Every structure is written in C-alpha cells, then in structure tokens.
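Each chain, letter by letter, is given below.
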Amino acid sequence: MVIATPEIMETRRAAPASASPPSAGKDTIVDIDHVDFFYGATQALNDITLAIEAKKVTAFIGPSGCGKSTLLRCLNRMNDLIEGTRVARGTIKIHGVDIYEPDVDVIELRKRVGMVFQKSNPFPKSIYENITYGLRLQGRSDKAKLDEVVEKSLRGAALWDEVKDRLHASGLGLSGGQQQRLCIARAIAVEPQIILMDEPCSALDPVATAKVEELIQELRSRFTIIIVTHNMQQAARCSDRTAFFYLGRLIEYADTRNIFTNPANPQTEAYVSGRFG
Amino acid sequence: MSTVSHIFRTPPGGVRRGERMVFWLFRGATYFVLLCGATVFLNIVIKGSHTVFKAEAPFINTTFLTQAPESLYIFEWEGKKREMGDREFRAFKEQNPAAAKVETESYVYSAGGIWPCIVGTVLLVVGSMTIALALGVSAAIYLNEYARDGAFIRFVRLAILNLAGVPSIVFGLFGFGMFVIYFGWNVSLLAGWFTLAFMVLPVVITASEESLKSVPKGFREGSLALGATKWQTIRKNVLPYALPGILTSSILGIARVAGETAPIMFTAAYVVRDKLPWDVEKFGDFFFQGVMALPYHIYVVSSKIPQNDYTERVQYGTAFVFLLLVALIATASIVLRSRLRNRYKW
C-alpha cells in the first residue's frame with residue numbers, strides 16, 4: 001500500500017532517516033518515538049513510543065488523566081492552542097515527517113489529520129455549510145463539486161438518508177448522535193488520511209453509540225482511525241490495535257484481541273477486567 | 001381554631017413583620033424609580049407632542065421637522081397678534097411696507113424647525129459608531145483571540161476600564177486639543193466622530209470581548225481541526241456568532257453618542273448653520289464642516305435664550321424628537337440583532 005506523500009510534508013532529513021526505531025514497520029503512518037510532553041511544569045506524557053499502522057483502527061484506553069487525549073491532540077498539534085504546552089523530548093512523525101519541526105505548516109497538517117471531538121461541535125450553520133466548511137476554506141466554490149462532496153461525506157457518515165431532505169436546516173437541529181456523525185462527515189469531507197476521535201461516543205446513548213461504532217467499521221477501509229475511549233467494550237468491539245495508558249506512560253500496546261484476552265502486563269489485566277479505572 | 005396551639009404557628013417576635021417591611025422597601029424603591037422615569041418621559045412627550053404633532057392633516061408639524069431654525073417675530077397687525085418666522089416676516093414686509101415700522105418682539109430659534117440638528121446627530125452617530133466598532137472590535141479580537149495573557153494585557157484592560165470612567169467633558173477637551181487644534185481639523189464632523197468614538201470605545205471593547213468569550217471553544221477547535229487558519233476561524237466561525245452581543249453593546253453606545261453634549265460642543269457642534277452638511281463644494285469638505293446637533297441645540301435653546309411660552313415649544317419639541325430618534329436607532333439595532341441571533345443559535 002502506497003500513500004502519496006504530500007509535497008509539503010516531504011522528508012527533509014534524508015540522512016538520519018535510518019535512525020527510525022525498529023518498531024516502525026512498512027505500514028506505519030504515525031511514528032511516536034520517546035515522547036515526553038508537558039503542561040507547564042506538569043508532565044503529562046512520559047517516554048511514549050508507539051507506531052500506528054495505516055488503515056487500521058487504533059484505540060487508546062486508560063483511566064482519566066492517563067494522557068491518552070493529550071497524546072491524541074499531539075498528533076494534529078491541537079495542544080499548540082494551550083499555552084505552556086510543549087513536546088520536551090522525542091519525535092512524532094507522520095509519513096516520516098517530524099510534525100514538530102519548525103517548517104511544518106500546522107494548517108497543512110490538520111487538513112490531513114482530521115479530528116472529531118468529545119463534545120459534538122457542529123457549527124451553528126446549515127448541515128450543508130457544516131460539511132462544505134473545510135472545502136470552502138481551501139477556496140473551492142464549485143457548486144456541483146460541493147454538492148457531490150456533501151452527499152459523499154454524508155453517505156460516508158451514514159447520515160445521508162436521515163438528512164437529505166433538510167440539508168439547509170441548521171446542524172444544531174439534529175439529535176446528539178446525528179450531530180456527532182455530522183462532525184465525522186465534516187471531518188471526512190476534507191479527505192484527511194488520519195481521523196482522530198476523542199471519546200466520540202461519551203455523550204451518546206447506546207443506540208447512537210452503536211451507529212457511530214458501525215460507522216467506524218465502514219471508515220476503516222479508507223482512513224487511519226485513532227480513537228480515544230473510556231469505554232473498554234468499545235475498544236474491544238471496534239479497534240484492531242489497543243494501547244493502554246496509565247499515569248502518562250504507555251503500559252501495553254498490542255492487538256486488541258491480545259489486550260483483552262491475554263494481557264501481558266498485570267496493570268493492563270487489572271484495568272480491562274474492571275478492577276480499577 | 002386560633003386557640004389550638006400547633007407547631008406550625010408563627011413564633012412570637014417581629015421577624016415576619018421585618019420580612020414584610022423589607023419587601024415593601026424594595027417595592028417602594030422600584031415604584032419610585034418608575035415614577036421618576038414616567039414624570040420625565042410624560043413631561044417631554046406631552047409638551048413635545050404639541051410642537052411635533054398638530055390637530056389638522058397631515059397631523060405632523062412638517063415645518064418643525066424639515067426646516068432650519070429661524071427667529072420668531074411677534075407683532076400686532078390690524079388688531080390681531082401675529083407670529084411669523086424670519087423669512088415669512090420678510091416676505092410679509094415686502095407686501096405690506098407699513099409693517100416695516102411695526103413694533104416686534106423676537107426670539108431666536110423659536111420658529112422654523114430642527115432639521116439640520118436631526119441630520120447632524122444622525123451623521124455624528126453613524127460616523128462615530130463606525131469608527132468605534134471598527135477600532136473596538138479589532139481591539140477586542142486582539143485581546144481575546146491573539147494576545148497572550150500577561151502583565152501587559154492586564155494593564156491594557158485596566159486602562160480601558162479606566163477610560164470608561166473619564167467624564168465626557170474631558171473627552172471633549174481632549175478632542176478639542178488633539179483633533180481641532182493639533183491636527184488642525186477645526187470644528188468638524190471628523191473631530192466630533194473621533195472624540196465620540198473614543199468616548200464609547202471602552203464600552204464597545206469590553207462588551208465585544210465578552211461576546212467573543214461566550215462563543216464556545218468547540219467552534220474554534222472544530223474549525224482549526226479542519227485546517228482553517230486562525231483568522232479564517234475568527235472571521236467565519238467566531239465573529240458572526242459574537243455579532244449579536246457586539247450589537248447589544250453598540251446600542252448602548254448609540255444612546256450615549258447621540259446624547260452627549262460635552263464632547264461635541266468644542267469639536268463638532270455649531271450653534272447655527274444655514275447650509276446642510278451635503279451642501280459642500282467638494283467631497284473632502286464634507287468631513288471638515290461643523291454640524292448642528294440635537295443635544296447641543298437643546299442646550300442652546302434652553303440656556304442661551306429667555307424662557308417663555310414661545311421658546312418652550314422648541315425646547316420640548318427638540319427633546320421629544322431627540323428621544324424618538326434615539327429610540328428609532330436603538331430599535332433598528334435591536335431588530336438587526338434579533339435577526340442575526342435567529343441565524344446563529346446554539
């Protein structure tokens with residue numbers, strides 16, 4: 001599988017490329033290498049090394065405050081918005097490019113690494129405008145093309161049949177689950193390669209959750225999905241690989257089946273069996 | 001019944017009576033405020049409406065609303081008392097040469113109307129609010145979206161708050177020294193615009209910042225996560241939702257800008273001016289002319305000329321029109337605000 005490397009994220013440091021850790025396999029799209037991360041003086045991530053495979057669903061699990069959301073938000077540099085945060089050590093490479101290098105344009109990064117938030121945040125605009133928001137930013141205004149993308153994205157997010165008759169009604173008129181799927185549709189409309197999901201179902205009821213999980217299964221063939229979740233069953237149901245974090249450290253990272261049936265680490269075992277967390 | 005003693009009886013002592021007294025104190029204070037407001041408004045509306053409205057068609061005193069102020073001449077002619085404005089009296093004298101020698105009483109500004117004052121006030125409000133909103137919203141965006149919180153920004157905020165407490169006459173003197181004399185703009189619309197704009201800037205900045213703050217963080221994050229730049233995010237996904245709040249603050253600003261006399265008396269207002277503002281030779285002159293304004297006109301007719309039945313008409317009439325005008329501008333902003341609110345609700 002070949003993923004076209006975008007020009008702007010060209011590998012610049014040709015020589016030390018061989019320094020990439022052995023964990024980085026052929027299908028690795030995100031390569032996190034010995035990362036320490038700080039909020040001011042508080043260390044939130046401690047020596048995280050993790051390689052995420054392309055077109056797989058990777059789940060980050062762990063108790064509150066374990067750093068899983070922090071790590072997720074490092075991947076599209078949303079943490080830049082918070083004052084006093086910094087990656088103190090290590091590198092995060094996407095397509096082999098260190099995304100914290102000064103010549104990386106964070107705007108271009110975020111176009112390729114989309115995000116769905118814990119609290120669904122449709123803009124107070126119409127459904128149509130919500131979906132086309134990202135494309136219009138890029139200067140696309142061809143009506144036929146936009147219409148096409150809206151339909152494709154909404155179908156992709158399994159929302160088309162529910163909203164096709166009211167595309168120009170406000171996105172805030174939808175139910176909670178529909179709003180979250182609208183946010184997913186909005187994220188996939190700009191054709192990212194990676195979609196980060198930060199507890200996308202934590203505010204949804206079981207029926208809406210099931211729909212979003214179903215959607216994740218459908219999206220896995222087109223996108224690399226990284227999902228942070230509090231809900232272990234969710235990780236078990238919909239992810240290929242699972243990383244368990246505890247107190248800012250990566251405790252265990254393996255195939256989801258192994259994590260839940262045969263965890264190597266006693267802490268992981270205690271967490272997935274519900275003895276703490 | 002009352003002889004039966006049970007546990008839910010009011011215990012002896014004045015506690016409950018005290019409650020009632022406090023309640024009546026507050027209620028009384030509220031009613032007193034209402035009474036004061038009603039007295040002021042009704043006084044102006046009743047006396048003013050005699051000037052602005054009239055009994056026969058078209059029911060509105062068009063002269064008062066569309067003419068410039070003139071002197072009022074009162075004289076006896078053929079046994080009857082006549083009242084005439086300056087121009088009318090001159091025409092009358094041409095027709096009846098004998099009238100030239102008649103004994104007259106005259107009162108300045110008591111005939112004609114207040115049209116140039118209405119025009120001037122509208123121009124001052126529109127211009128100064130445009131400047132205040134452009135500067136104020138920009139500053140609020142900088143403070144709320146771009147600036148990193150630190151000692152300097154806290155100092156800036158403090159300075160803005162202090163600016164709000166500066167008396168308007170001080171703004172007037174500042175505008176006089178800065179714009180009229182130092183910049184050499186003379187008494188002009190431009191000098192008045194900037195003086196008034198500076199006066200309402202603190203209100204506009206503070207309120208704009210508040211309404212920017214009230215836009216949920218999720219809208220900013222969602223937009224940035226889609227690859228929007230900071231400015232794109234602010235322009236498309238923050239500012240539109242903050243506009244209703246910003247407009248609310250500007251409504252308060254409008255009332256102040258329209259109403260203040262002190263800042264314009266040295267910077268923009270003329271006691272009387274024959275030409276209307278658009279009556280200029282070249283476009284550039286438009287900005288460098290003084291105008292008449294309603295609050296200043298009220299000041300002039302109330303304090304610079306003798307008080308009697310004839311002058312009272314123009315005093316109350318002007319005040320009434322002034323109130324109507326401010327109400328009209330405020331209503332327009334409120335309508336605009338509620339339209340925007342309906343468009344963006346969350």
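Use the structure listed above.
Quick look at the structure, then. All values derive from a computational prediction rather than experimental measurement.

1. Some thoughts on the side chain of A:Thr268
All names here are of chain A.
Here is step 1: If you trace the backbone, Thr 268 turns up in helix H10 (residues 266-272).
Here is step 2: Overall, Thr 268 belongs to the buried group, its relative accessible area being 0%.
Here is step 3: When near neighbours in sequence (up to four residues on either side) are disregarded, Thr 268 contacts Phe 244, Ile 251, Glu 252, Ile 259 and Pro 263.

2. Describing the layout of surface pockets
If you roll a probe as big as a water molecule over the atoms, it shows you where there is empty space left.
Here is step 1: There is about 750 Å³ of room inside the largest pocket.
Here is step 2: Lining the largest pocket are 26 residues, and of these A:Leu81, A:Ile82, B:Asn144, B:Glu145 and B:Lys230 lie nearest its centre.
Here is step 3: Taken together, the elements giving at least two residues each to the lining of the largest pocket come down to helix H2 (106-112) of chain A together with helix H4 (115-146), helix H5 (151-164), helix H8 (217-225) and helix H9 (230-237) of chain B.
Here is step 4: Residue composition of the lining of the largest pocket, by class: 12 nonpolar, two polar and 12 charged.

3. Re helix H3 (residues 127-137) of chain A
In an α-helix, one turn spans 3.6 residues, which is why side chains three or four residues apart end up on the same side.
Here is step 1: Where burial is concerned, most of H3(A) is hidden: nine out of the 11 residues are buried.
Here is step 2: All buried positions along H3(A) are accounted for by A:Ile127, A:Tyr128, A:Asn130, A:Ile131, A:Thr132, A:Tyr133, A:Gly134, A:Leu135 and A:Leu137.
Here is step 3: Buried residues along H3(A) sit against helix H4 (143-156), helix H5 (160-163) and helix H6 (176-189) of chain A together with H8 and H9 of chain B.

4. So, the pattern of salt bridges
All names here are of chain A.
Here is step 1: Summed over all chains, the structure comprises 27 salt bridges over all chains.
Here is step 2: The salt bridge partner of Glu 53 is Arg 241, with a shortest N-O separation of 3.7 Å. Linking Glu 53 in strand E2 (residues 42-53) with Arg 241 in strand E9 (residues 241-246), this pair joins segments that are 188 residues apart in sequence.
Here is step 3: You can call Glu 53 partly exposed: its relative accessible area is 23%.
Here is step 4: Here Glu 108 and Lys 111 are joined by a salt bridge, their closest N and O atoms 3.2 Å apart. Taken together, the positions of Glu 108 and Lys 111, both in helix H2 and three residues apart, correspond to about one turn of that helix.

5. Structural notes on the packing of aromatic side chains
Here is step 1: On inspection of all chains with the given rule, the structure shows 28 aromatic pairs over all chains.
Here is step 2: Joined through ring pairs, the aromatic side chains of B:Phe174, B:Phe179, B:Tyr182, B:Phe183, B:Trp185, B:Phe194 and B:Phe198 make up one cluster.
Here is step 3: In this arrangement the basic side chain of A:Arg86 is found over the ring face of A:Phe38, its NZ or CZ atom lying 4.8 Å from the centre.

6. A few points about the packing of H9(B) against helix H10 (residues 239-259) of chain B
All names here are of chain B.
Here is step 1: Closest axis-to-axis distance for the H9/H10 pair is 5 Å, and the angle between their directions is 50°. Between H9 and H10, the angle is such that the two are oblique. Listed contacts from H10 to Ile 234, Arg 235, Lys 236 and Asn 237 of H9 are Leu 239, Pro 240 and Tyr 241.

7. Details of the pairing of strand E10 (residues 249-255) of chain A
Residues and elements named next belong to chain A.
Here is step 1: Inspection of the sheet shows E9 paired to E10 by six bridges, in the antiparallel sense. Its bridge partner being in E10, Tyr 246 is matched across the sheet by Arg 249.
Here is step 2: Linking E9 back to E10 in an antiparallel pair, the connection comprises two residues, with Leu 247 at a positive phi of about 50°.

8. With respect to H6(A)
All names here are of chain A.
Here is step 1: Here H6 contains 14 residues, and its C-alpha end-to-end distance of 20 Å stays within 8% of the 20 Å for a straight helix at 1.5 Å per residue.
Here is step 2: Where burial is concerned, most of H6 is hidden: 13 out of the 14 residues are buried.
Here is step 3: Two residues or fewer after H6 comes Glu 191, characterised by a positive phi angle close to 55°.

Conventions adopted
- Residues numbered from 1 in each chain as written.
- Chains lettered and ligands numbered in written order.
- Predicted model: local features only at pLDDT ≥ 70, side-chain atom pairs only at ≥ 80, totals over all residues.
- Heavy atoms only, no water.
- Helix = DSSP H or I, 4+ residues; strand = E, 2+ residues; numbered from the N terminus.
- Buried < 20%, exposed > 50% of the residue type's maximum accessible area, 1.4 Å probe, protein only.
- Contact = heavy atoms within 4.5 Å.
- 1 Å grid on protein atoms, 1.4 Å probe; cavity = no way out; pocket = protein on both sides within 12 Å on 5 of 7 lines; lining within 4 Å.
- Points joined across faces, edges and corners; volume = space filled by probe spheres on them.
- Nonpolar A, V, L, I, M, F, W, Y, C, P; charged D, E, K, R; others polar.
- Salt bridge = Lys/Arg side-chain N within 4 Å of Asp/Glu carboxyl O.
- Phe/Tyr/Trp six-rings, centres within 6.5 Å; stacked < 30°, edge-to-face > 60°.
- Lys NZ or Arg CZ within 6 Å of the ring centre and 35° of its normal.
- Axes fitted to C-alpha atoms, helices over the stretch in contact; angles between N-to-C directions.
- Parallel < 35°, antiparallel > 145°, perpendicular 65-115°, else oblique.
- Pairing = 2+ DSSP bridges.
- Expected span 1.5 Å × (residues − 1).

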